[in-house]
There are 2 protein chains.
Amino acid sequence: MSQTTVSRAINGFPEVSEKTRQVVLEAAAKHNYKPNTRARRLATGKSMTIGHLVSVSKEYELVNPIFADFIAGASARYAQSGYDLLLSLVPDEDEFTSYKELAARSTVDGVVVHAPRVDEQRIAQLNSLNLPFVVHGRSSNTPEKYNWVDVNNERSFFRATQLLIELGHTTIGLINGMAGVDFAVRRTQGYLRALKENNIELANAYVTHSEMTEPNGYKNALALLDLPDPPTAIVTSSIIMAHGIKRALDERELKLGRDVSVITHDDDLSYFRDAAAVPVYTATRSSVREAGRLSADLLLKTIADPSRDPEGILLDADLILGSSTKPPRLR
Amino acid sequence: MSQTTVSRAINGFPEVSEKTRQVVLEAAAKHNYKPNTRARRLATGKSMTIGHLVSVSKEYELVNPIFADFIAGASARYAQSGYDLLLSLVPDEDEFTSYKELAARSTVDGVVVHAPRVDEQRIAQLNSLNLPFVVHGRSSNTPEKYNWVDVNNERSFFRATQLLIELGHTTIGLINGMAGVDFAVRRTQGYLRALKENNIELANAYVTHSEMTEPNGYKNALALLDLPDPPTAIVTSSIIMAHGIKRALDERELKLGRDVSVITHDDDLSYFRDAAAVPVYTATRSSVREAGRLSADLLLKTIADPSRDPEGILLDADLILGSSTKPPRLR
DNA sequence: GACAATATCCAAAGCGCTTTGATAAATTTA
DNA sequence: TAAATTTATCAAAGCGCTTTGGATATTGTC
């Protein structure tokens with residue numbers, strides 16, 4: 001039997017009779033034969049691989065735990081379509097070089113861009129490389145067209161802040177992610193808009209920016225509590241920071257909700273699912289795993305049809321009421 | 001200039017003169033030429049890829065956040081040696097099938113096995129596939145030889161429990177990971193040995209097993225606190241669970257340390273680094289990122305020389321004193 | 001039953017590199 | 001200066017598939 005027939009039988013082409021196909025498949029099963037990945041990729045000219053480059057800052061050396069859930073969502077879709085997932089942690093200064101290499105060597109058929117900044121260089125660069133990509137998040141100051149999947153950060157944080165104001169809070173802190181990262185900027189905008197619409201003016205010191213770690217949540221909460229007029233409510237960008245905030249409140253013998261209200265953004269991470277009937281934290285919730293799925297779908301569609309117009313998918317976070325928000329105590 | 005010369009110039013073979021090499025390299029740089037990954041892999045017969053299969057249980061759908069840090073450690077080493085990292089989340093019932101496929105198609109040159117069970121089937125299976133691998137963890141009941149990198153879990157939890165006993169605690173709970181997973185079993189053994197050596201007998205109810213999530217830490221802590229004779233100290237397997245335990249203590253208006261002592265295992269996750277001068281939690285600490293690095297080194301060595309005898313690397317966790325452990329209060 | 005149409009199958013080319021074995025040029029040795 | 005080495009380069013084979021363009025066998029049509 002010829003190689004051609006075997007190849008067609010295995011890959012489901014119609015040119016081969018059902019009978020022959022069965023014979024081939026049985027023989028393949030018997031010898032545990034599977035077409036060699038490397039040869040197949042060379043012959044087809046496709047890498048059948050999606051790259052996820054996660055940039056790691058030299059100073060911080062952090063790996064954002066939301067990647068685990070995002071990738072879990074994406075990975076399932078890739079598997080369904082026969083794609084592999086290539087994960088690479090690169091020092092952030094090497095990031096574009098890495099993309100260029102992936103493209104030049106054609107190691108991957110597409111990439112996902114994580115944590116875009118407000119003025120994200122990578123997007124124009126990737127467009128010029130002609131490598132299909134999807135951005136998880138958006139980049140406010142980037143005129144280019146590109147595929148993206150994002151949460152409505154501005155609106156979410158507007159609503160969160162608005163809710164606190166409606167409860168009677170007027171001194172509200174924001175413990176946000178790193179300055180310059182797009183989602184953090186949009187969240188600050190939403191927070192500021194709510195204050196403004198309610199004629200509340202607050203000093204810049206009520207907003208902090210840092211990597212979203214537990215220790216940073218703690219440290220920044222203490223800083224806010226040490227202000228001359230400490231906030232009675234705090235909005236924060238991550239449930240991990242919320243845990244740090246909680247620790248700061250404990251240390252100051254303040255009770256979450258009663259003494260200080262907290263609203264957090266909740267990515268619905270599998271290890272921190274706040275799924276009680278009444279959640280611990282009032283939260284703007286949006287599953288990052290779902291975002292991973294959608295990003296993967298979008299990328300696979302773009303790879304299948306590269307002439308496709310870039311698309312943006314905007315997810316709306318739910319505002320979930322928990323027990324961490326109450327009206328402010330009278331002073 | 002012939003293909004041969006170009007190939008040799010780029011890959012640093014000595015058969016080409018320095019002058020020619022420079023000419024080639026300059027031309028390559030000018031046209032941004034990089035050898036095609038697919039073609040190179042087919043020609044060399046190597047995939048230059050390491051697979052990490054993370055099994056995801058259908059019921060839980062959890063992604064252990066320690067993978068993020070483990071992989072961060074491993075990824076750096078792979079990059080140094082020119083290897084790519086293939087990440088695949090597979091439903092646990094399909095796991096062996098996935099390994100078999102990777103081997104048959106020779107998609108990867110080696111794999112890392114995560115979260116081995118006490119009686120881990122995958123090890124014998126992988127040995128039979130002749131696919132180089134390293135286990136992160138060990139498998140107590142597996143007679144096979146294999147490469148592994150593990151923490152001294154038994155000893156760590158023995159020391160942790162011993163410390164609590166020395167402080168005067170006699171009723172000590174253990175909030176552990178899933179039953180059957182090797183590290184959890186060894187930790188229970190260490191805990192039980194310390195109790196036994198100090199002639200302390202406790203009912204089975206003082207040990208709980210579950211996925212290491214925050215909500216499970218909370219739930220299991222409440223269960224322990226509801227026992228007729230509640231523990232004055234708790235040992236737990238993850239800093240994420242420790243946060244859940246803390247929440248349970250808050251709810252019961254018990255103070256961490258003063259009312260209930262807690263010792264946790266601390267993987268030194270980048271988002272939960274407990275690095276204050278006096279850490280919040282007394283902990284058995286061992287960097288999972290370092291484990292990732294060591295696993296990668298071991299795997300790459302094995303791939304380079306497949307006849308190499310399997311090696312085991314045993315890391316000792318540090319016992320770090322924090323402020324979550326105090327002598328028990330008098331009742 | 002002759003011819004067209006269709007269903008099956010196959011030989012060979014090609015994917016873009018690495019590597020082997022050979023040749024030509026430069027250098028050393030006698 | 002001729003022969004023996006060494007150095008520098010190249011032509012061609014091959015990695016294990018997919019795919020193209022034919023060839024052959026089968027079926028259908030009038």
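Conventions adopted
- Residues numbered from 1 in each chain as written.
- Chains lettered and ligands numbered in written order.
- Predicted model: local features only at pLDDT ≥ 70, side-chain atom pairs only at ≥ 80, totals over all residues.
- Heavy atoms only, no water.
- Near = heavy atom within 4 Å.
- Polar contact = N/O pair within 3.5 Å; in protein donor to acceptor, adjacent residues only side chain to side chain.
- Helix = DSSP H or I, 4+ residues; strand = E, 2+ residues; numbered from the N terminus.
- Pairing = 2+ DSSP bridges.
- Axes fitted to C-alpha atoms, helices over the stretch in contact; angles between N-to-C directions.
- Contact = heavy atoms within 4.5 Å.
- Expected span 1.5 Å × (residues − 1).
- Buried < 20%, exposed > 50% of the residue type's maximum accessible area, 1.4 Å probe, protein only.
- Arc of directions from axis to C-beta.
- 1 Å grid on protein atoms, 1.4 Å probe; cavity = no way out; pocket = protein on both sides within 12 Å on 5 of 7 lines; lining within 4 Å.
- Points joined across faces, edges and corners; volume = space filled by probe spheres on them.
- Nonpolar A, V, L, I, M, F, W, Y, C, P; charged D, E, K, R; others polar.
- Phe/Tyr/Trp six-rings, centres within 6.5 Å; stacked < 30°, edge-to-face > 60°.
- Lys NZ or Arg CZ within 6 Å of the ring centre and 35° of its normal.
- Salt bridge = Lys/Arg side-chain N within 4 Å of Asp/Glu carboxyl O.
- Parallel < 35°, antiparallel > 145°, perpendicular 65-115°, else oblique.
- Left-handed = near helix turned anticlockwise from the far one by under 90°.

> I'm lost on the protein's contact with DNA strand D in this one. Help?
In the region of DNA strand D, 24 residues are neighbours, and Gln 3, Ser 7 and Arg 8 of chain A together with Thr 4 and Thr 20 of chain B sit closest. Close to the protein, within 4 Å, the atoms of DNA strand D are drawn from sugar and phosphate at a rate of 53%. Side-chain polar atom of Tyr 33 of chain A to a sugar or linking oxygen of DNA strand D: 3.1 Å apart, as the coordinates give it. Here a phosphate oxygen of DNA strand D and a backbone polar atom of Ser 2 of chain B are 2.9 Å apart. Of all the elements in the fold, those that place two or more residues in the surface near DNA strand D are helix H1 (3-10) and helix H3 (37-44) of chain A together with helix H1 (3-10) and helix H3 (37-44) of chain B.

> Can you walk me through the sheet that holds strand E12 (residues 318-320) of chain B in this structure?
The strands making up a sheet are joined through hydrogen bonds of the backbone, oriented either antiparallel or parallel. Residues and elements named next belong to chain B. Read across the open sheet, the six strands follow the order E7-E6-E8-E9-E10-E12; overall the sheet is mixed. Every interior strand has two partners, whereas the edge strands, strand E7 (207-209) and E12, have only one. Each strand of the sheet is rotated relative to its neighbour by a mean of 15°, with strand direction disregarded. Bridge analysis of strand E6 (residues 172-176) against strand E8 (residues 233-236) gives four bridges, and the strand direction is parallel. From the neighbouring strand, Ile 175 faces E8, where its bridge partner is Thr 236. With respect to the sheet, helix H8 (residues 182-197) is in contact with E6, E7 and strand E9 (261-266), its orientation differing from that of E6 by roughly 175°.

> Help me understand helix H2 (residues 18-30) of chain B, please; the structure alone is not making it clear to me.
Three- or four-residue spacings in an α-helix give side chains the same orientation, since the helix completes a turn every 3.6 residues. All names here are of chain B. Taking 1.5 Å of rise per residue, 13 residues should cover 18 Å, and H2 covers 18 Å from first to last C-alpha, within 8% of that figure. Along H2, the residues that are buried comprise Arg 21, Val 24 and Ala 28. Viewed end-on, H2 has its buried residues packed into an arc of 65°, placing them on one side of the element. In H2, the exposed positions angled more than 90 degrees off the buried face are occupied by Lys 19, Glu 26, Ala 29 and Lys 30. Considering only its buried residues, H2 is in contact with H1.

> How should I be thinking about empty space enclosed by the protein in this particular structure?
Over the atoms, a rolled probe matching the size of one water molecule traces out where space is still vacant. Within this structure, the stated rule accounts for six cavities of 30 Å³ or more. Put simply, the largest cavity is a space of about 190 Å³. Around the largest cavity, the lining comprises 19 residues; the ones closest to its centre are Arg 41, Ser 47 and Thr 49 of chain A together with Arg 41 and Thr 49 of chain B. Contributing elements (two or more residues each) for the lining of the largest cavity: H3 and strand E2 (84-91) of chain A together with H3 and strand E2 (84-91) of chain B. Of the residues belonging to the lining of the largest cavity, the class tally is four nonpolar, nine polar and six charged.

> Any chance you could explain the packing of aromatic side chains here in plain terms?
A ring pair, where both rings are aromatic, is described by two values, the distance of the centres and the angle of the planes. Overall, the coordinates contain one aromatic pair over all chains when judged by the stated rule. Directly above the ring of Trp 148 of chain A sits Arg 138 of chain A, whose terminal nitrogen or CZ lies 4.6 Å from the centroid. Between the NZ or CZ atom of Arg 193 of chain B and the centre of the ring of Phe 158 of chain B, over which it lies, the distance is 3.9 Å.

> Honestly, the side chain of Glu 95 of chain B in this entry has me stumped. Any pointers?
Residue and element names in this part refer to chain B. As for its position among the elements, Glu 95 is in helix H5 (residues 95-104). By relative accessible area, Glu 95 is classed as buried at 5%. Beyond its immediate chain neighbours, meaning those up to four positions away, Glu 95 contacts Leu 53, Ser 55, Val 90 and Arg 122.

> For this particular structure, what's the right way to read the protein's contact with DNA strand C?
Near DNA strand C you find 24 residues, and of these Thr 4 and Arg 8 of chain A together with Gln 3, Ser 7 and Arg 8 of chain B are the closest. The protein-proximal atoms of DNA strand C, defined as those within 4 Å of the protein, are 53% sugar or phosphate. A distance of 3.4 Å is found between a base oxygen of DNA strand C and a side-chain nitrogen or oxygen belonging to Gln 3 of chain B. Taking Asn 36 of chain B, its main chain carries an N or O atom lying 3.2 Å from a sugar or linking oxygen of DNA strand C. Mapped onto the surface near DNA strand C, the elements with two or more residues apiece are H1 and H3 of chain A together with H1 and H3 of chain B. For the surface near DNA strand C, the class distribution of residues is nine nonpolar, eleven polar and four charged.

> Would you mind showing me how to read the sheet that holds strand E9 (residues 261-266) of chain A here?
All names here are of chain A. Within the open sheet, the six strands sit side by side as E7-E6-E8-E9-E10-E12. Their pairing is mixed. In the strand order of this sheet, the two ends are held by strand E7 (207-209) and strand E12 (318-320), each with one partner. Neighbour-to-neighbour, the strand axes of the sheet open up by a mean angle of 15°, direction not taken into account. For strand E6 (residues 172-176) and E7, the ladder comprises three bridges, and the chain directions are parallel. By the bridge assignment for E7, Leu 174 is matched with Val 207. Sheet strands touched by helix H7 (residues 153-167): E6, strand E8 (233-236), E9, strand E10 (282-285) and E12. Its angle to E8, the strand with the most contacts, is close to 170°. The sheet contacts of helix H10 (residues 239-251) involve E6, E8 and E9, and relative to E9 the element is tilted by about 160°.

> Before we go on, may I ask you to explain the pattern of salt bridges in this structure?
Once their charged atoms are close, side chains differing in charge can pair, the charge on each being opposite to the other. Scanning all chains against the criterion turns up 44 salt bridges over all chains. Residues joined by salt bridges that share partners form a network here, namely Lys 246 and Asp 250 of chain A together with Lys 246 and Asp 250 of chain B.

> How do you make sense of the packing of H5 of chain B against helix H6 (residues 121-129) of chain B when you look at a structure like this?
A pair of packed helices is captured by two measures, namely the crossing angle of their axes and the spacing between those axes. All names here are of chain B. Where H5 meets H6, the closest approach of the two axes is 10 Å, and the angle between their N-to-C directions is 15°. In terms of orientation, H5 lies roughly parallel with respect to H6. Crossing of H5 against H6: the hand is right-handed. From H5, Glu 95, Phe 96, Tyr 99, Lys 100 and Ala 103 reach across to H6, where they touch Arg 122, Gln 125, Leu 126 and Leu 129. When its residues are assigned to classes, the contact of H5 with H6 shows five nonpolar, one polar and three charged.

Geometric descriptors of this kind do not, in isolation, establish any biological role.
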